[in-house]
Each structure stands twice: as structure tokens, then as C-alpha cells.
Amino acid sequence: MESGRIKVKTLTKQIIELSEELGLQAVSEYRTSDGTRIDIAILNGEEKILAIELEASFKWFPPEAPLRRR
């Protein structure tokens, strides 16, 4: 592993901690109603704020996707 690179697990933990500090909820391995898996979903209550894909691509929540937690 190259020096200065951060591991996905470490980054996930930091995102979850920061979300909590901001009064938001970070859900690891969130699944949408259509079965899409998102590495981390940032929620504000029932409102979907941000979807984060850490390894390959970035995905946005479809506006009509109902909230479904793993």
C-alpha cells in the first residue's frame, strides 16, 4: 500500500463520525428499493442527503426511491 493513502474502512468510520457530529445519520451499505447498494448514505431523518460510493463510482438517490435501511 502506498504511503498517504487511506483505507476504505477508515474513511467509512470517519464519515460516520463526522455525520454524527453534524447531527446527521450515516448508513453503511445502504440499499435502495431497486436493490442498488450504496457504500454510505447520509440521511437527515427521513431525508436522503447524499450517497457515497467509495471504490468506483458516485451515485445519487433517485428522488422517488423510498427509504429502506439494511
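Cut-offs and rules
Residues numbered from 1 in each chain as written. Predicted model: local features only at pLDDT ≥ 70, side-chain atom pairs only at ≥ 80, totals over all residues. Heavy atoms only, no water. Pairing = 2+ DSSP bridges. Helix = DSSP H or I, 4+ residues; strand = E, 2+ residues; numbered from the N terminus. Core = buried A, V, L, I, M, F, W, Y, C linked by side-chain atoms within 4.5 Å. Buried < 20%, exposed > 50% of the residue type's maximum accessible area, 1.4 Å probe, protein only. Salt bridge = Lys/Arg side-chain N within 4 Å of Asp/Glu carboxyl O.

Focus on the pairing of strand β1 (residues 25-31)
Each regular strand carries side chains that alternate between the two faces of the sheet.
Now for step 1: Across 6 bridges, β1 lies against strand β2 (residues 37-44) in antiparallel orientation. Residue pairing across strands places V27 opposite A41, the latter belonging to β2.
Now for step 2: Between the end of β1 and the start of β2, which pair antiparallel, lie 5 residues, with G35 showing a positive phi angle near 90°.

Some words on the nonpolar core
Now for step 1: In terms of nonpolar packing, the biggest core is built from 6 residues, these being V27, Y30, I38, A41, L43 and A51.
Now for step 2: Contributing elements (two or more residues each) for this core: β1 and β2.
Now for step 3: When residues in this core are grouped by element, the largest group, 3 residues, is from β2.
Now for step 4: Counting residues in each nonpolar core, the second largest holds 5 residues, with I15, A26, I40 and I42 among its members.

A short note on the pattern of salt bridges
Now for step 1: The full count for this structure, using the stated rule, is 1 salt bridge.
Now for step 2: The salt bridge partner of D39 is R37, with a shortest N-O separation of 2.6 Å.
Now for step 3: A relative accessible area of 29% means that R37 is categorised as partly exposed.

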